[in-house]
Amino acid sequence: MSKKNTETFTLIDNSSGKSFELPVIKGSLGPSVIDVRKLYAQTGYFTYDPGFNSTGSCESNLTYIDGDIGRLLHRGYSIEDLAEKSDFMDVAHLLLNGDLPTPKQKKSFVHDVTYHTMLNEQLANFYRGFRRDAHPMAIMCGVVGGLSAFYHDSTDIYDAHQRMVASFRLIAKMPTIAAMAYKYSIGQPFNYPRNDLSYAENFLYMMFAVPAEEYIISSVMTQAIDRILILHADHEQNASTSTVRLAGSSGANPFACIAAGVAALWGPAHGGANEAVLKMLEEIGQKENIPKFIKYAKDKNDPFRLMGFGHRVYKNYDPRAKVMQKTCHEVLKELNLNDPLLELAMEMEKIALSDPYFVEKKLFPNIDFYSGILLKALGFPTSMFTVLFAVARTVGWVAQWKEMIEDPGQRIGRPRQLYTGHPERDYIPLEKRR
Ligand code: SDX
């Protein structure tokens, strides 16, 4: 969509009395931006925003979030509509190519993804180098980074065809790599991908099939996994996406960039939160303990945080969490499962959302609060929760990386700093140091 310079922003330096006119750029939705690209050259000042609370790092037309009202759009389509009416391949095509696919486009897109799901057989040897109890995210970091050593014919980022092939390879191979990490951790043989299955069916098959018997694909589980993948596909300039963009801005190959994204996603403040939520709920154990944990979360001196609560952008309910909670209820009912952790989570949500601390700080459940309960119901071990997040977010990472590479104004990302270290000082030889 178009962007346009509208008015300017006047900055007055009170120490010198000078004023500076900075251009304001208006997008299609959301806050306009003050263009500070020439600020340092004009004023000798840097801006300062360590957590990037108020900083736009790029222009993008992939995903729009309105955190105040809890709204999430992908290329203009609401996450609620996409989760309800689309499948993950629709959303992948939408993010990568700009619109929902026509039936012909979808057939071709799904074919191209399907026929890239196999891994070079030598990559299976990577797994044997890990301990069986290695965290699957550690394996993902290693194996995804290792793809650069195998797929040399799709590492030239300035060749549009190679960028397209690398995009398909990454989206297609992540479920295979993820499922192999799980199989390795439980000592079961790897399953090869099957071209007769959909993306979600294939992922479940590779995760849970065993050679000893036929694997029956559950439509309930398939639909739930597909919806979870949609909900995690992309989310504007979050920490791992920004990592992928920064790595890509140096010209690193796409496999290395996505490996960097996997590493950034692993943190419990980001994609690792779903695993942390389940551990927190299991530690809380029963409703009677909730007030104690809420108290810990409110205590400034206690590092404990209510995992799955709060968000840098959402100051309202994360719309993905609403869909996730609804899907939780549907799946547990259809699988005839009763997980007390769901009741516990809902009770915790109720108590927290009526507590002034959470209300004043606008801390609502985020996508990670319910996803762990749903993944547990689908048979995923806690250690695989963030891996699934990485599988889904690879679509967003690749789409954001592609958008950055194709931006004619793209330059290497190189932030500056506020230096508070020593001024220059004379060297002290070893014999004189006391
Ligand atoms: C994801 O960016 C994205 O879009 C990420 C993501 C995506 O799709 O890519 O949406 C996925 O990462 C979701 C977030 C998952 N993380 C968690 O659930 C971990 C628990 N949440 C927090 O750690 C925290 O809320 C963050 C990291 C999510 C947001 O951190 P911010 O924006 O830096 O907020 P903050 O730490 O400055 O907190 C503001 C205040 C603080 O109190 P004060 O210092 O102002 O007194 O709120 C408090 C915090 O102490 N606070 C919490 C809290 N989260 C924030 N207090 C208790 N429990 C919490 N969960």
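Quick caveat, the model's predicted, so the values are computed rather than measured. (Residues numbered from 1 in each chain as written. Predicted model: local features only at pLDDT ≥ 70, side-chain atom pairs only at ≥ 80, totals over all residues. Heavy atoms only, no water.)

## Looking at the overall build of the chain
(1) Moving on: Across its full length, the chain carries 18 helices and six strands.
(2) Moving on: Taken over C-alpha atoms, the radius of gyration comes to 24 Å for the chain, in line with the 22 Å a tight globule of 434 residues would show.
(3) Moving on: The dimensions of the chain, computed from C-alpha atoms along their principal axes, are 80 × 65 × 60 Å.
(4) Moving on: Looking at the chain as a whole, 48% of its 434 residues qualify as buried.
(5) Moving on: By sequence separation, contacts in the chain at least 24 residues apart represent 69% of the contacts at least 6 residues apart.
(6) Moving on: Only carbon and sulfur atoms are counted for the fraction: they give 53% of the accessible area of the chain, which is about 22,400 Å². (Helix = DSSP H or I, 4+ residues; strand = E, 2+ residues; numbered from the N terminus. Rg over C-alpha atoms; globule rule 2.2 N^0.38 Å. Buried < 20%, exposed > 50% of the residue type's maximum accessible area, 1.4 Å probe, protein only. Contact = heavy atoms within 4.5 Å. Areas by Shrake-Rupley, 256 points an atom, 1.4 Å probe, with all protein chains shown as cover.)

## So, the nonpolar core
(1) Moving on: The biggest cluster of nonpolar side chains holds 122 residues, and the ones touching the most others in it are Ile225, Leu306 and Phe380.
(2) Moving on: Per element, the largest residue contribution to this core is 14 residues, and it comes from helix α18 (residues 385-405).
(3) Moving on: In this structure, Leu306 is in contact with Met280, Ile294, Ala297, Met348, Ala352 and Phe358, ignoring residues within four places of it in sequence. (Core = buried A, V, L, I, M, F, W, Y, C linked by side-chain atoms within 4.5 Å.)

## Remarks on the sheet that holds strand β4 (residues 63-66)
(1) Moving on: Pairing is antiparallel in the open sheet, where three strands are placed in the order β4-β5-β6. With one partner strand each, in any of the chains shown, β4 and β6 (77-78) form the two edges of the open sheet.
(2) Moving on: Sheet topology places strand β5 (residues 71-74) next to β6; two bridges connect them, and they run antiparallel. From the neighbouring strand, Leu73 faces β6, where its bridge partner is Ser78. (Pairing = 2+ DSSP bridges.)

## Brief notes about the state of the cysteines
(1) Moving on: Under the definition given, this model contains zero disulfides.
(2) Moving on: Between Cys58, a cysteine without a disulfide, and Cys257, which holds the nearest cysteine sulfur, the sulfur-to-sulfur distance is 14 Å.
(3) Moving on: On the basis of relative accessibility, which here comes to 33%, the residue Cys58 falls in the partly exposed class. (Disulfide = S-S within 2.5 Å.)

## Regarding the side chain of Asn202
(1) Moving on: Looking at the element boundaries, Asn202 is found in helix α8 (residues 199-208).
(2) Moving on: Apart from residues lying up to four places away in sequence, Asn202 is in contact with Thr117, Pro193, Arg194 and Leu197.

## Remarks on the environment of Arg128
(1) Moving on: Note that Arg128 resides in helix α5 (residues 124-128).
(2) Moving on: Here Arg128 falls in the exposed class, since its relative accessible area comes to 54%.
(3) Moving on: Residues within four places of Arg128 in sequence aside, it is in contact with Tyr184 and Phe190.
(4) Moving on: Of note is the side chain of Arg128, whose polar atom sits 3.1 Å from the backbone oxygen of Ala124. (Polar contact = N/O pair within 3.5 Å; in protein donor to acceptor, adjacent residues only side chain to side chain.)

## A look at the packing of α8 against helix α9 (residues 219-231)
(1) Moving on: The N-to-C vectors of α8 and α9 enclose an angle of 110°; their axes lie 8 Å apart at closest approach. With respect to their mutual orientation, α8 and α9 come out roughly perpendicular. Facing Tyr199, Ala200, Glu201, Phe203, Leu204 and Phe208 of α8, the residues of α9 in contact are Met221, Thr222, Ile225, Asp226 and Leu229.
(2) Moving on: Here the residues of the contact of α8 with α9 are counted per class, giving eight nonpolar, one polar and two charged. (Axes fitted to C-alpha atoms, helices over the stretch in contact; angles between N-to-C directions. Parallel < 35°, antiparallel > 145°, perpendicular 65-115°, else oblique. Nonpolar A, V, L, I, M, F, W, Y, C, P; charged D, E, K, R; others polar.)

## Thoughts on the site of the ligand
(1) Moving on: Close to the ligand lie 24 residues; His235, Leu306, His311, Arg312 and Arg320 are nearest.
(2) Moving on: For the ligand, an oxygen atom lies 2.6 Å from a polar atom in the side chain of His235.
(3) Moving on: Separating a nitrogen atom of the ligand from a backbone N or O atom of Leu306 is a distance of 2.8 Å.
(4) Moving on: Compared with its free state, where it exposes 1,100 Å², the ligand has 77% of that area covered by protein.
(5) Moving on: A class-by-class count of the residues in the shell around the ligand yields ten nonpolar, seven polar and seven charged. (Near = heavy atom within 4 Å.)

## Here we look at the pattern of salt bridges
(1) Moving on: In this structure the tally under the stated criterion is 18 salt bridges.
(2) Moving on: Each of Glu84, Arg227, Lys326 and Glu330 takes part in a single network of salt bridges with overlapping partners. (Salt bridge = Lys/Arg side-chain N within 4 Å of Asp/Glu carboxyl O.)

## Re the environment of Val143
(1) Moving on: Secondary-structure assignment places Val143 in helix α6 (residues 136-146).
(2) Moving on: Taking the relative accessible area as the measure of exposure, Val143 reaches 0% and is therefore buried.
(3) Moving on: In the structure, Val143 is positioned 19 residues away from Ala124 in sequence and 9.1 Å away in space, judged by C-alpha atoms.
(4) Moving on: Not counting residues within four places of it along the chain, the set of residues in contact with Val143 comprises Leu123, Phe126, Tyr127, Phe130 and Ile177.

## Side note on the UniProt feature "active site" (unreviewed entry) in the chain
(1) Moving on: As recorded in UniProt, the sites labelled "active site" (unreviewed entry) are His311 and Asp368. On the basis of their most widely separated C-alpha atoms, the annotated residues across 58 residues gather in one place, lying no more than 10.5 Å apart.
(2) Moving on: Positionally, His311 belongs in the loop between α13 (290-298) and α14 (319-334).
(3) Moving on: His311 gets classed as partly exposed once you look at its relative accessible area, which sits at 22%. (UniProt positions renumbered as here; feature names shortened; annotations may be inferred.)

## Examining the pairing of β5
(1) Moving on: Taken together, the four bridges between β4 and β5 define a ladder with antiparallel strand orientation. When the sheet's bridge partners are listed, Tyr64 is paired in β5 with Leu73.
(2) Moving on: The hairpin formed by β4 and β5 contains four residues between the paired strands, and Gly70 there has a positive phi angle of roughly 70°.
(3) Moving on: In textbook terms, the turn of a hairpin is the stretch between consecutive antiparallel strands, and for β5 and β6 this stretch comprises two residues, one of which, Arg75, has a positive phi near 50°.

## A word on α9
(1) Moving on: Between its terminal C-alpha atoms α9 stretches 18 Å, which fits the 18 Å expected from 13 residues at 1.5 Å a residue.
(2) Moving on: The element α9 is largely enclosed, with a buried count of eleven among its 13 residues.
(3) Moving on: Of all the positions in α9, only Val220, Met221, Thr222, Ala224, Ile225, Asp226, Arg227, Ile228, Leu229, Ile230 and Leu231 are classed as buried.
(4) Moving on: Contacts from the buried residues of α9 go to α2 (79-85), α3 (88-97), α8, α14, α17 (368-377) and α18.
(5) Moving on: Two to three positions downstream of the cap, the backbone nitrogen of Val220 sits 3.2 Å from a side-chain oxygen, assigning the N-cap of α9 to Ser218. (Expected span 1.5 Å × (residues − 1).)

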